[in-house]
Amino acid sequence: MSSKGADRKIDYIEFNVGDIAASKAFYGAAFGWTFTDYGPQYCEFQDGRLTGGFTTLAPVNAQGGALIILFADDLEDALARVETAGGRIVKPIFDFPGGRRFQFADPDGYQLGVWSDR
């Protein structure tokens, strides 16, 4: 994966869903998305331009439940910038298959994530 030009740009969208198979069936039929399964609780989708994920690891929240995830070349620097700008870290840096990430709340309380492949 090339990250050139992706620094501090929206990179990935994640949806908390109740049933991954039902979500795949809907988005596959409605929009032609394709899927890569990463176990029973996570599935990545591709829409031809953007990738994202469906997960059952958190409760469904239809009121803004999608998690917008940005990419950062330097995760620690991005975390420091978020804090300096007034964001609140809600999930410190953690590892996941493919990289590391953290989640934060902006001053209005909207939660976003930042990830890095380093």
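On a predicted model such as this, the values are computed, not experimentally measured, just so you know.

Novice: Please set out the side chain of arginine 101 residue by residue, giving values where relevant.
Specialist: Relative to the assigned elements, arginine 101 resides in strand 7 (residues 99–105). With relative accessibility at 11%, the residue arginine 101 sits in the buried group. At a separation of 2.9 Å, a polar atom in the side chain of arginine 101 contacts the side chain of glutamine 103. With sequence-adjacent residues up to four places away left out, arginine 101 is seen in contact with Glu14, Leu67, Ile69, Leu75, Pro92, Ile93, Phe94, Phe96, Val114 and Trp115.

Novice: Describe the packing of aromatic side chains, with residues and values.
Specialist: For the structure on display, the rule yields 16 aromatic pairs. Arranged with centres 6.4 Å apart and planes meeting at 20 degrees, the rings of tryptophan 33 and phenylalanine 54 form a pair that is stacked. Here tryptophan 33 is found in the loop between helix 1 (20–31) and strand 2 (34–37), whereas its partner phenylalanine 54 is found in strand 4 (residues 51–55), with 21 residues between them in sequence. In this structure, tryptophan 33 and phenylalanine 54 share a single accessibility class: buried. Pairwise contacts between aromatic rings join Phe15, Phe26, Tyr27, Phe31, Trp33, Phe35, Phe45 and Phe54 into one cluster. Taking the ring centre of phenylalanine 94 as reference, the NZ or CZ of lysine 91 above it sits at 5.5 Å.

Quick notes on the rules
- Residues numbered from 1 in each chain as written.
- Predicted model: local features only at pLDDT ≥ 70, side-chain atom pairs only at ≥ 80, totals over all residues.
- Heavy atoms only, no water.
- Helix = DSSP H or I, 4+ residues; strand = E, 2+ residues; numbered from the N terminus.
- Buried < 20%, exposed > 50% of the residue type's maximum accessible area, 1.4 Å probe, protein only.
- Polar contact = N/O pair within 3.5 Å; in protein donor to acceptor, adjacent residues only side chain to side chain.
- Contact = heavy atoms within 4.5 Å.
- Phe/Tyr/Trp six-rings, centres within 6.5 Å; stacked < 30°, edge-to-face > 60°.
- Lys NZ or Arg CZ within 6 Å of the ring centre and 35° of its normal.

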